Amino acid sequence: GEAIADAFLVKFPGLAVLQLDLSLRSNAAATDVPFADVARRLAQRGVCVEVTRLRCRAVQYEFLRAALDNAGAAVNQMCEDEPPAVYAFSHPKYAWPFAATQSLLPPSGAAAR
């Protein structure tokens, strides 16, 4: 997980938000969750990790959701009667995290030309 997190941070300097759409093969073991370690390592380095979709068998879902949540990622719930916890970037209701919006602003004191 650390090598993948390092690769993301080197490839995308200033990375503030990473959205994941995860899909597991039906024969994958629920305990084999290397992406939870990647999410944890990125979250520890200040990256907001959001899981917009988690596709897997129903028996795997809660284990994986808890592992990702414990790693510091925001994960959508399967409840149909509640609004999603995380929207995709393209959704009109997506709310940018404060740190991400601050990284898009010009440095304070920069003169407009």
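The model shown is predicted, which means the values in this text are computed figures rather than measured ones. (Residues numbered from 1 in each chain as written. Predicted model: local features only at pLDDT ≥ 70, side-chain atom pairs only at ≥ 80, totals over all residues. Heavy atoms only, no water.)

Points about the overall build of the protein chain
The helix and strand inventory of the protein chain stands at four helices and three strands. The N-to-C order of helical and strand elements in the protein chain reads α-β-α-β-α-β-α. For the protein chain, buried positions account for 29% of its 113 residues. Nonlocal contacts in the protein chain, meaning residues at least 24 apart in sequence, comprise 74% of its contacts between residues at least 6 apart. Surface exposure of the protein chain reaches about 7600 Å², of which carbon and sulfur atoms provide 56%. (Helix = DSSP H or I, 4+ residues; strand = E, 2+ residues; numbered from the N terminus. Buried < 20%, exposed > 50% of the residue type's maximum accessible area, 1.4 Å probe, protein only. Contact = heavy atoms within 4.5 Å. Areas by Shrake-Rupley, 256 points an atom, 1.4 Å probe, with all protein chains shown as cover.)

Things to note about the environment of Val-51
Considering the arrangement of structural elements, one finds Val-51 in strand S2 (residues 48–55). Expressed as a C-alpha distance, the spacing of Val-51 and Ala-74, which sit 23 residues apart in the sequence, is 6.0 Å.

Some points on the sheet that holds strand S3 (residues 74–75)
Spatial strand order, S1-S2-S3: three strands in an open sheet with parallel pairing. Edge positions in the sheet fall to strand S1 (17–23) and S3, since each has one partner strand and no second. Examined bridge by bridge, S1 and S2 share seven bridges and lie parallel to one another. Along S2, the bridge assignment pairs Ser-23 with Arg-55. (Pairing = 2+ DSSP bridges.)

What about the packing of helix H2 (residues 34–44) against helix H3 (residues 58–70)?
Relative to each other, H2 and H3 sit at 20°, their axes nearing to 8 Å. Accordingly, the angle class assigned to the pair H2 and H3 is roughly parallel. The element H2 and its partner H3 pack so that their crossing is right-handed. From H2, Phe-35, Ala-36 and Ala-39 reach across to H3, where they touch Leu-64, Ala-67 and Leu-68. Its residues assigned to classes, the contact of H2 with H3 shows six nonpolar, no polar and no charged. (Axes fitted to C-alpha atoms, helices over the stretch in contact; angles between N-to-C directions. Parallel < 35°, antiparallel > 145°, perpendicular 65-115°, else oblique. Left-handed = near helix turned anticlockwise from the far one by under 90°. Nonpolar A, V, L, I, M, F, W, Y, C, P; charged D, E, K, R; others polar.)

Brief notes about the confidence of the model for the protein chain
On average, residues of the protein chain carry a pLDDT of 75, and 65% of them reach 70 or more. Confidence, expressed as mean pLDDT per element, reaches its minimum in the protein chain at helix H4 (residues 98–103) with 48 and its maximum at helix H1 (residues 2–11) with 91. This model gives residues 99–113 a pLDDT under 50, and the stretch forms four contacts once residues within four places in sequence are excluded. (pLDDT = per-residue confidence, 0-100.)

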